[in-house]
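# Tertiary structure, described
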There are 2 protein chains.
Amino acid sequence: MSVDLLVKKIKEKGNPSVAGLDPKLDYIPAYIREKAYAEHGKNLNGAAAAIWEFNKGLIDALCDVVPAVKPQSAFYEMYGLPGEAALHKTIEYAKEKGLYVILDVKRNDIGSTAEAYSKAYLGKTDIEGGLISPCDVDCVTVNPYLGTDGVMPFVEDCKKYDKAIFALVKTSNPSSGELQDLDLNGKKIFEIVAGKVNEWNAGTIGESGYGAVGAVVGATYPEQAKILRGIMPKSYFLVPGYGAQGGGAKGVLPCFNADGLGAVVNSSRAIMCAYKKGDWRDEQFAEAARAEAVRMREDICAVL
Amino acid sequence: MSVDLLVKKIKEKGNPSVAGLDPKLDYIPAYIREKAYAEHGKNLNGAAAAIWEFNKGLIDALCDVVPAVKPQSAFYEMYGLPGEAALHKTIEYAKEKGLYVILDVKRNDIGSTAEAYSKAYLGKTDIEGGLISPCDVDCVTVNPYLGTDGVMPFVEDCKKYDKAIFALVKTSNPSSGELQDLDLNGKKIFEIVAGKVNEWNAGTIGESGYGAVGAVVGATYPEQAKILRGIMPKSYFLVPGYGAQGGGAKGVLPCFNADGLGAVVNSSRAIMCAYKKGDWRDEQFAEAARAEAVRMREDICAVL
């Protein structure tokens, strides 16, 4: 009922980072795409086959460097049912390889519908008394706009099935401030949401000292990260915006606690497309991804 | 690039309501479930087969009464890949039957990922220059917590492919107020979000006088609906909370404009489970659903 498993894997690898698996087609080397189209056609099936091949190579190369992967659901949903099937295969394979899987779905809805989403990814679906996992991941991202009764069904499943969630608090995009930075008598919306996250997290604290309800806090806003660290001392932060989005190792530092824990930093494009920089050949995409993941680990660990 | 198609269908049917398709297993008559399990097993495939059979019966019975259906993605995702396939079949069948399809997915993310979500449901996915619709619906729901750059990719596809969206403004659940009702110098968060919706909607207004960017406004808060109607005069409202959630026809009235247009009211459980009330037999589930949809139409039209 906590994020202990993630913390354990972070300590084992000495690496508080997560590799995003956002397989846009133009991230995938041409030779993989061509092979997939030759077998399945230039269609959703061909694209999904290319995605799976690419992901498998990345997971094989990264699984002893990073503790976790974060598939972004949108980049599978955009390839329809074959894309969804590639996502499921990717999740199963990543777990087989010992990786902690954070599925970035940002789901949200009212009570009974939030329950259904939670069953889809964290809990189990009841079919006439038999319990089945439709898509078993370790952790999902959720959007908090609907308030406590939209989030608690996920928290209940975290307790029941030893899972975790990250709720959006301060996102890394340019217009995140429109709503999240609004000021209520000196307190910003993201601080109020952070207070809620801290409440939701209470009662889920594990051996690591951290609970099941974490927060998404963009690396692009380090000043705000410092404030948020104080409001949610026992929540893990999922930190997007390192690398490709412009945040560097110094930018992510305020997301960590003094114990060097408390945050896991995501990088997607910089790892997936590492082979496009420097002297790598396309066939070395996995090796290049691994080199970038190692470089990122050193970069972050140097400032901790 | 607007909601004109929905307005046309509402006028044709003389009915501003939408039937929610949230097929929880215990909504589905036992004889349908048993037949599906006998053929496919008591597993995700069996559940998905039952859902499809149920939905098909509902769509056949409702398609000349209601202008639109609203499948809730969570209740398909919770049955894994077979559930997703049942959702796709349901969407295609509803469109064949002339229904406007609002897919309730409440998706949200930053720019390029929001683009991917939009391609998944409103736009088209580019596979080496060939454009493919992964799951073609008329309209989706989106969550606005990330601000303008999380919503505009959807709006762009609305313009390009003649689609529409409903952004969450004031949801119908009990704790919706925690964040949405916070007061900034006399202006509530949901009013500020409504102002954004009105901005996003400008430039998408069609012949009907309404634009592509609508708002989800819960029937459970009629006082707030009145205020919101004023802030977003050219946005359609998607109104949950009628019937099962407690709101009645009077509760939804403030969501409409003086022209009797401007809102589409959702009912899910009351229609899907109508056969469980009164003297219906299980085999009459579709007939009962139709009777409830007619009753709801009369109930709402009586106050307009």
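Here the structure is shown first, and the text comes after it.
Quick look at the structure, then. Source: prediction; values computed, not measured. (Residues numbered from 1 in each chain as written. Chains lettered and ligands numbered in written order. Predicted model: local features only at pLDDT ≥ 70, side-chain atom pairs only at ≥ 80, totals over all residues. Heavy atoms only, no water.)

## Remarks on the packing of aromatic side chains
Any pair of aromatic rings gets described here by the distance separating the centres and the angle formed by the planes. What counts here: Stacked, tilted and edge-to-face are the three classes assigned to paired rings of Phe, Tyr and Trp, where Trp is represented by its six-membered ring and a pair needs centres within 6.5 Å; plane angles under 30 degrees give stacked, over 60 edge-to-face, the rest tilted. Each helix is a run of H or I in the DSSP string that is no shorter than four residues. Each strand is a run of E no shorter than two, and both are numbered from the N terminus. Per-residue accessibility, obtained with a 1.4 Å probe over protein chains only, is compared with the maximum for each type, and a residue is labelled buried under 20%, exposed over 50%, and partly exposed between these values. The criterion is that NZ of a Lys, or CZ of an Arg, lies within 6 Å of the ring centre and within 35 degrees of the ring normal, and then a charge sits over that ring.
Within the structure shown, the criterion is met by six aromatic pairs over all chains. Measuring from ring centre to ring centre gives 5.1 Å for A:Phe54 and A:Phe285, while their planes differ by 40°; the resulting arrangement is tilted. Here the residue A:Phe54 occupies a position in helix 3 (residues 44-62), and A:Phe285 occupies one in helix 13 (residues 285-303), the gap between them amounting to 231 residues. You'll find A:Phe54 and A:Phe285 in the same group, each marked buried. Its guanidinium or amino end placed over the ring of B:Tyr221, B:Lys170 lies 4.2 Å from that ring's centre, counting from NZ or CZ. Against the face of B:Phe237 rests B:Arg229, its NZ or CZ located 4.0 Å from the ring centre.

## A closer look at the interface of chain A and chain B
The extent of an interface is frequently quoted as the accessible surface area lost upon association of the parts. Quick reminder of the rule: The contact rule is simple, with two residues in contact once any of their heavy atoms fall within 4.5 Å. Defined in terms of a 1.4 Å probe, buried area is the accessible area two parts forfeit on being brought together, summed over both. We define a salt bridge as a side-chain nitrogen of Lys or Arg found within 4 Å of a carboxyl oxygen belonging to Asp or Glu.
If you look at the interface, chain A gives 69 residues, while chain B gives 69 residues. Interface area for chain A against chain B, summed over the two sides, is near 5,500 Å², with a carbon-plus-sulfur share of 60%. For chain A, the biggest contributors to the area lost against chain B are A:Met78, A:Glu128 and A:Tyr145; these three give 14% of the whole. Counting across the interface, chain A meets chain B through eight salt bridges. The dominant element in the side of chain A that touches chain B, judged by the number of residues it contributes, is helix 6 (residues 111-121) of chain A, at seven residues.

## Some words on the sheet that holds strand 11 (residues 237-239) of chain B
Residues and elements named next belong to chain B. This is how it is decided: In this scheme, strands are said to pair when DSSP sees at least two bridges between them. Note on definitions: angles span 0 to 180 degrees between N-to-C directions of axes, and those axes are lines fitted to C-alpha atoms, for helices only across the stretch in contact.
If you walk around this closed barrel you meet the eight strands as 1-2-3-6-7-10-11-12, and the pairing is parallel. Sheet twist, expressed as the mean angle between neighbouring strand axes with direction ignored, is 30°. Sheet analysis places strand 1 (residues 17-21) next to strand 12 (residues 263-267), joined by three bridges and oriented parallel. When the bridges of strand 12 are listed, Ser17 appears paired with Val265. Helix-sheet contacts for helix 9 (residues 189-201) involve strand 7 (164-170) and strand 10 (213-217), and the interaxial angle to strand 7 is about 165°.

## Overview of the pattern of salt bridges
Residue and element names in this part refer to chain B. Going through the model one piece at a time under the given rule, you end up with 38 salt bridges over all chains. Of the charged contacts in the structure, one is a salt bridge between Asp104 and Lys106, with a shortest N-O distance of 2.8 Å. Using a relative accessible area of 4% as the deciding quantity, one classes Asp104 as buried. Salt-bridge contacts for Arg295 lead to Glu292; the nearest nitrogen and oxygen are separated by 3.0 Å. With Arg295 and Glu292 both in helix 13 (residues 285-303) and three residues apart, this pair spans about one turn of that helix. Assessed through its relative accessible area of 14%, Glu292 is described here as buried.

## Observations regarding the relation of the copies chain A and chain B
Rules: Residues below a pLDDT of 70 in either copy are left out; the C-alpha atoms of the rest, at least 70 in both, set the least-squares superposition of the copies.
Of the transformation superimposing chain A on chain B, the axial component is 0.0 Å and the angular component is 180°, with the fit at an RMSD of 0.0 Å. These values place the two chain copies in the arrangement generated by a two-fold rotation axis. Closest to the rotation axis within chain A is the C-alpha of A:Leu184, separated from it by 2.8 Å. When the interface residues of chain A are mapped onto chain B, 100% of them are again interface residues, pointing to one common binding face.

## Here we look at the sheet that holds strand 10 (residues 213-217) of chain A
All names here are of chain A. Strand order in the closed barrel made by the eight strands is 1-2-3-6-7-10-11-12, with parallel pairing throughout. Within the sheet, the average angular offset between the axes of one strand and its neighbour, ignoring direction, is 30°. Bridge count for strand 6 (residues 139-142) against strand 7 (residues 164-170) is four bridges, and the pairing is parallel. Bridge pairing in strand 7 places Val140 opposite Ile165. Helix 7 (residues 148-161) contacts strand 3 (100-107), strand 6, strand 7 and strand 10 of the sheet and is inclined by roughly 145° relative to strand 7.

In short, shape yes, function no, at least from these values alone.
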